[in-house]
Amino acid sequence: MKAKQAIDTLQPELWAATGIKDRIRLLKEVRSNVKKYGLALAQSDASMKNGLMKEEIFGIGESQMATVVPLTSALSASIDLYESLAKGKMPKPLKVEKLDSNTYRVLVAPRTTKEKILAGTQQAYLYITGEPKQINSMNKPAGIIAVLGAGNYSSSLEMVKALFYDNCVVVHKPHHLNTETDNIWEKIFKPLIDAGAVAFCDADQGRELTVDNRLSKIYFTGGTGTAQAIMSATETPVISECGGNNPCIVVPGDKNWSAKEIEHQANQIVTVAKLNGGAVCGRAQTIVTSKHWKQRDQFLTAIRKAIKENTPAAGTYYPGSDKVWDNFFKAHPDAEIIEPENGKYRNGKVMLIIGVSENSYAVKNEAFCQIINEVPLDLPDNASEFLPGAVDFCNNKLLGTLGACILIDEKIKKKYSKQLDKAVRDLHYGGITVNNMPPFVFLHSHLTWGGNETRKGQPFVSGYGNFGNPLGFENIEKSVIYDKFMSPGHFINTNKSVMNNLAEGMSRYALEPTWGNIFKLMGGAISGGFKKKDF
C-alpha cells in the first residue's frame with residue numbers, strides 16, 4: 001500500500017475516543033494473535049537471516065526472543081497500565097530519590113510478585129530531570145505516528161508504544177529486509193487495523209511517508225545518516241535510535257576476581273556481543289579496562305576462550321558487514337580472527353582487537369557485526385580513580401550515547417557506592433546497566449530506549465528522544481538497570497538446546513503470563529544451568 005493510502009485509513013480522533021475497556025480488549029486480541037502467528041513470525045525472521053548468509057545458523061529460538069518476547073512483553077505492560085487506569089489511577093513509582101538539585105531516580109520495577117521472580121536480582125530505574133511528573137496516556141493529544149522499522153530485527157515493538165503510551169494511531173513501514181514478516185504483523189495487528197488505529201505501507205514508501213504533513217511524529221530505528229536525511233526533509237519531530245559504539249567498563253577490584261567470576265563475566269559479554277551476529281544496537285563493542293589491572297591478561301584470555309569455546313557460533317548477516325569488517329581489519333591489522341565451533345560456519349568468525357588506543361578507528365566507529373575491541377586506559381587499578389577516568393573516556397572519545405555497562409564486584413560496589421552512583425549519573429548514555437548488558441534496557445517493558453544527546457555541542461550519532469515509558473514520566477534522561485555481579489539471571493549462552501528451551505519458555509510466558517508458565521520457565525532455567533555445552 002502507498003503511504004498516502006495507508007494514512008487515509010487511519011482515524012486518530014476515533015482512537016483517542018476509544019475507551020479503556022475497549023483498549024484492553026484490543027490488546028488481548030493482539031496478544032492472542034501473536035500466539036497464533038508467533039511461530040511463523042520467528043521462522044520468517046530466521047529464514048531472512050539464514051538466506052542472506054546462505055547457511056543455517058539462526059534458529060527459531062533466538063528469533064522468538066527477538067520478535068515474540070519483546071512485543072508481547074510490551075502488550076502485557078500495556079494491559080497492566082490500562083487495567084490500572086480502569087481503576088482510576090496511574091501506576092505509581094516504587095520509590096523516588098532526589099539525587100541532586102535537579103535529578104531524581106525513580107524505581108519502576110520489579111512491580112509484581114511475578115516480575116520479582118523473573119527479575120531475580122535486577123532493579124530498574126528511570127533518571128528524570130526535574131521533579132517527576134506523570135501524564136496519563138489517555139490525556140495525550142490524538143495524532144499519527146509513522147514507525148519506520150529496523151532492519152536487524154523483524155519487530156514492530158514501537159507500534160505498541162506509539163498506540164498505547166502516546167495515544168496516537170500508527171502507520172508502519174518495514175525495512176526492506178523485513179517485508180515478509182510485515183505481512184505476518186498485519187495479521188497480528190488486524191484488530192487494530194479494523195479499528196482505524198494501524199495501517200501498513202510498502203517498504204519503498206519511506207520518502208513519501210516521512211514528508212506527509214499529517215504526521216505528528218516519526219519513530220525511526222536505523223543508521224545515523226538516514227535519520228539526518230529524514231530530519232532535513234521534514235519538520236515533523238523525529239524520535240530516533242541510531243546505535244553507536246557502546247562501552248563495557250570493567251572496574252578493577254581490591255581483591256582478585258576468582259577464575260569462576262572472570263569466566264562468568266567473559267561469557268556474559270561475549271554472549272551478548274555475538275547476539276544476532278553482532279547486529280544489536282546496544283551490545284557492548286568496546287571493553288574498557290585499566291592498563292595496570294593485574295588480572296587484565298587473565299580476563300582477555302577468558303574473552304578469547306568465551307568466543308572460541310564457551311559460546312556457540314552466531315552468524316554475521318547484516319548487509320554491508322563485509323565492508324565494515326575489512327575497514328576495521330585495515331585499521332587494526334594485528335586483530336585476532338577467532339572461529340567458534342572450529343570454524344564450522346563461514347559467517348561465524350569474530351574479530352577481537354586488543355590494546356587499541358583512545359583515539360583509534362575501533363573507538364571512533366560502530367561495528368554492528370561480530371567485532372569486539374578493548375581499550376586499556378592508563379589509569380590506576382582502583383575504583384575511586386579508574387571509574388571517573390573511564391566515564392570521561394566514554395563520554396568524550398567513544399562514538400555515540402546509546403548504551404553503556406559497568407561490571408563491578410559486590411565488595412567494590414558497596415565500598416565505592418557513591419562513586420558508582422556518580423559514574424552512572426555522569427555517563428551520557430540513554431541506557432546504562434550495572435552488572436548486566438545494555439540490550440536488556442531495550443527489552444525491559446518499564447524502561448525507555450534511546451540516546452542521550454542533550455549536551456550542548458553534542459554531535460548527532462545515537463539519536464534524539466526515546467521510546468517506551470508506560471508509566472508516563474516526563475523529562476526522562478536515561479534508564480538504568482542495577483544487578484548483582486554474579487546473578488544467576490545473567491543472559492549466558494553456553495548450551496544451544498538450553499537456550500532454545502529458554503527462548504520457548506520466555507515466549508510461552510510472554511504470551512500467557514500465568515503461574516504455571518513462570519514455574520516452567522524457571523524450572524527449565526535452573527535445570528539448564530547444570531548442562532554442559534552441546535556444540
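Each value, and the rule that gives it
- Residues numbered from 1 in each chain as written.
- Predicted model: local features only at pLDDT ≥ 70, side-chain atom pairs only at ≥ 80, totals over all residues.
- Heavy atoms only, no water.
- Helix = DSSP H or I, 4+ residues; strand = E, 2+ residues; numbered from the N terminus.
- Rg over C-alpha atoms; globule rule 2.2 N^0.38 Å.
- Buried < 20%, exposed > 50% of the residue type's maximum accessible area, 1.4 Å probe, protein only.
- Contact = heavy atoms within 4.5 Å.
- Areas by Shrake-Rupley, 256 points an atom, 1.4 Å probe, with all protein chains shown as cover.
- Lys, Arg positive; Asp, Glu negative; His and termini not counted.
- Charge placed at Lys NZ, Arg CZ, Asp CG, Glu CD.
- Pairing = 2+ DSSP bridges.
- Axes fitted to C-alpha atoms, helices over the stretch in contact; angles between N-to-C directions.
- Salt bridge = Lys/Arg side-chain N within 4 Å of Asp/Glu carboxyl O.
- Core = buried A, V, L, I, M, F, W, Y, C linked by side-chain atoms within 4.5 Å.
- Arc of directions from axis to C-beta.

(A) Geometry of the overall build of the protein. Scanning the protein for helices and strands turns up 20 helices and 18 strands. Its C-alpha radius of gyration of 22 Å places the protein within 12% of the 24 Å reference for a compact globule of 535 residues. For the protein, with 535 residues in total, the buried portion stands at 59%. Considering only intrachain contacts with a sequence separation of at least 6, the fraction spanning at least 24 residues in the protein is 77%. As displayed, the protein has an accessible area near 21400 Å², and 51% of this comes from carbon and sulfur atoms. Here the protein holds 63 positive side-chain charges and 55 negative ones, and the gap between their average locations is 4 Å.

(B) The arrangement of the sheet that holds strand E5 (residues 169-173) in detail. Sheet architecture is open: 5 strands sit in the order E6-E5-E4-E7-E8, paired in parallel fashion. Of all the strands in the sheet, the pair left with one neighbour each is strand E6 (198-200) and strand E8 (238-241). Neighbour to neighbour, the strand axes of the sheet diverge by 15 degrees on average, direction disregarded. Where E5 lies against E6, 3 bridges are found, and the strand directions are parallel. Residue pairing in the sheet places His172 in a bridge with Phe200 of E6.

(C) Examining the pattern of salt bridges more closely. Counted by the stated rule, this structure contains 23 salt bridges. The shortest N-O distance in the salt bridge between Lys217 and Asp166 comes to 3.6 Å. Within this pair, whereas Lys217 is found in strand E7 (residues 217-221), its partner Asp166 is found in the loop between helix H6 (157-164) and E5, the two being separated by 51 residues in sequence. A relative accessible area of 29% places Lys217 in the partly exposed class. Two residues, Lys496 and Glu341, come together in a salt bridge whose shortest N-O distance is 3.3 Å. Taken as a pair, Lys496 in helix H19 (residues 496-511) and Glu341 in the loop between strand E11 (336-338) and strand E12 (350-353) lie far apart in primary sequence, 155 residues in all. For Lys496, a relative accessible area of 27% puts it in the partly exposed group. Judged by its relative accessible area of 12%, Glu341 falls in the buried class. In this structure, a network of salt bridges that share partners links the residues Lys4, Asp8, Asp212 and Arg214.

(D) Examining the nonpolar core more closely. Residues Phe164, Val171, Phe189 and Leu192 are the most contacted members of the largest nonpolar core, which totals 60 residues. Tallying contributions element by element places helix H4 (residues 60-86) first for this core, with 9 residues. Judged by nonpolar contacts, the second largest core, of 58 residues, contains Ala266, Trp293, Phe368 and Phe485.

(E) Local environment of the sheet that holds strand E14 (residues 403-407). Reading across from one edge, E1-E2-E3-E18-E15-E14-E9-E10-E13-E12-E11 is the order of the 11 strands in this open sheet, with mixed pairing throughout. Across the chains shown, the open sheet's two edge strands, defined by having one partner strand only, are strand E1 (95-98) and E11. Direction aside, neighbouring strands of the sheet carry axes that sit 20 degrees apart on average. Here helix H11 (residues 259-274) sits on the sheet in contact with strand E9 (246-250), strand E10 (284-290), E12, strand E13 (371-377) and E14, set at roughly 165 degrees to E14. This element, helix H15 (residues 383-396), spans E9, E10, E13 and E14 of the sheet and lies at about 145 degrees to E10.

(F) Quick look at the pairing of E5. Of all 5 residues in E5, 5 are buried; the element is thus mostly enclosed. Taking every second residue as pointing to the same face, both faces of E5 are buried, with Val169, Val171 and Lys173 on one and Val170 and His172 on the other. Relative to E5, strand E4 (residues 144-148) runs parallel, the two being bridged by 5 bridges. In the sheet register, Ile144 faces E5, and the bridge partner there is Val169.

(G) View of helix H10 (residues 224-233). Taken together, the buried positions of H10 are Thr224, Ala227 and Ile230. One face of H10 carries all of its buried residues, which in axial projection span an arc of 125 degrees. Buried positions along H10 lie against E4, helix H9 (206-210), E7 and E8.

(H) Seen up close, unusual backbone geometry. Of note, the amide linkage connecting Ala109 to Pro110 takes the cis form, showing an omega dihedral of 10 degrees. As for its position among the elements, Pro110 is in the loop between strand E2 (103-109) and helix H5 (113-119). Positive phi, normally seen in glycine, also occurs at Asn435, with a value near 65 degrees. Looking at the secondary structure, you find Asn435 in the loop between strand E15 (431-434) and helix H18 (439-443). Its identity is not glycine, yet Asn475 carries a phi of approximately 60 degrees, on the positive side. Tracing the chain through its elements places Asn475 in the loop between strand E17 (467-468) and strand E18 (476-482).

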